[in-house]
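# Secondary and tertiary structure notes
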Amino acid sequence: MKIATFNINGVKARLDGLTHWLRESAPDVALLQEIKSVDENFPREAIEDLGYAVETHGQKGFNGVAILSKLPLEDVARGLSGDAEDSQSRYIEASVMGTRPVRVACLYLPNGNPAPGPKYDYKLAWMERLHRRMEDILATEEPAIFAGDYNVIPQDTDAERPEAWRDDALALSASREAFRRLLWLGLTDAFRVRQPGRGHYTFWDYQAGAFERNNGIRIDHHLLTPQAADLLVDCWIEKDLRAREKPSDHVPVWVELDA
């Protein structure tokens, strides 16, 4: 089972590129963030015509997440529990029914800037709610993946110029500590299992030739439960997509599981 997480940065603006990617790279499951579309306006027919089931949790103009799957989906759940007043669409999960079921969670963690401030407080509170949801899923002892745009640079090795991010919400010590607390639950950062070195990024700003100079950061992650980590075959970043016409500022990150 091949699962890709991809912050698409506007599904309608990049529909041609998305459908081309789905035909060419053919993930079994694609987890999209920043779809920037309400559910009823999501271009599902163009994606369903490629053989994908589509589940969305959208929001007008901002945020929004989606699961696209060639395999059957069951037990779809939308939203992250713990704050009844939170109206931002940032989380969706479902069970993918492959040779064995795998629970997948697609998330778009808050950016948190400017920090300090209410947006940063919201980011940390959201991460605490995610921590509690991860605990619940870990207790089931089923293979599960929490994938998406975490908006966290876990370590200095995950940025080409770490000094430029010192005061940014993506790299503040509290953000990194909250991310480590997720890992300490027993989760595995799938990419770092396969590639521990520097220079591997998932996001490049559109400005100042950042991609051409590889001035990027790694903020899109697959975190695996122990049961999913046991099934891990490989994990990689599809960097070449960033060089195509009208790209997202993120690129897909893939995991392959023996499932």
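Here goes a summary of the coordinates provided. (Residues numbered from 1 in each chain as written. Predicted model: local features only at pLDDT ≥ 70, side-chain atom pairs only at ≥ 80, totals over all residues. Heavy atoms only, no water.)

The end-to-end C-alpha distance of helix α3 (residues 118–140), which contains 23 residues, comes to 34 Å, matching closely the 33 Å that a straight helix rising 1.5 Å per residue would cover. Among the residues of α3, Y120, Y122, K123, W126, M127, R129, L130, H131, M134, I137 and L138 are the ones counted as buried. Next to the buried residues of α3 lie β6 (91–97), β7 (101–108), β8 (144–149), α4 (173–183), β12 (220–224) and α6 (226–229). Of the residues one or two after α3, E141 is the one with positive phi, at around 60°. (Helix = DSSP H or I, 4+ residues; strand = E, 2+ residues; numbered from the N terminus. Expected span 1.5 Å × (residues − 1). Buried < 20%, exposed > 50% of the residue type's maximum accessible area, 1.4 Å probe, protein only. Contact = heavy atoms within 4.5 Å.)

This next bit is on the pairing of strand β14 (residues 253–257). The element β14 is extensively covered by neighbouring structure, given that four of its five residues are classed as buried. Two strands pair when backbone bridges link them, and strand β1 (residues 2–7) and β14 are joined in this way by four bridges, in the antiparallel orientation. Bridging across to β14, T5 finds its partner in V253. (Pairing = 2+ DSSP bridges.)

Along any regular strand, the residues point their side chains to alternate faces of the sheet. Of all the five residues making up strand β2 (residues 29–33), five are buried; the element is thus mostly covered by neighbouring parts of the structure. Alternating positions in β2 separate into two faces, V29, L31 and Q33 on one and A30 and L32 on the other, with burial throughout. Handedness of the crossover joining β1 and β2 through helix α1 (residues 15–25) is recorded here as right-handed. When β2 meets strand β4 (residues 65–69), the two strands line up antiparallel, connected through five bridges. (Right-handed = clockwise from strand over helix to strand, strands pointing away.)

Our focus in this paragraph is the sheet that holds β2. Strand order in this open sheet of six strands is β3-β4-β2-β1-β14-β13, and the pairing throughout is mixed. Looking at which strands have only one partner, the edges of the open sheet turn out to be β3 (53–57) and β13 (232–237). Sheet twist, expressed as the mean angle between neighbouring strand axes with direction ignored, is 15°. Strand contacts of α1: β1, β2, β4 and β14, with the helix running at about 155° to β2, the strand carrying the most contacts. (Axes fitted to C-alpha atoms, helices over the stretch in contact; angles between N-to-C directions.)

As a further point, take the packing of aromatic side chains. All told, the structure shown has six aromatic pairs when counted by the stated rule. Judged by centre distance (6.5 Å) and plane angle (65°), the ring pair of Y91 and W126 falls under edge-to-face. Separated by 35 residues along the polypeptide, Y91 in strand β6 and W126 in helix α3 bring together distant segments of the chain. In this pair, the class of Y91 matches that of W126, namely buried. Note on W236 and W254: the rings are 5.6 Å apart at their centroids and 10° apart in plane angle, and the pair reads as stacked. (Phe/Tyr/Trp six-rings, centres within 6.5 Å; stacked < 30°, edge-to-face > 60°.)

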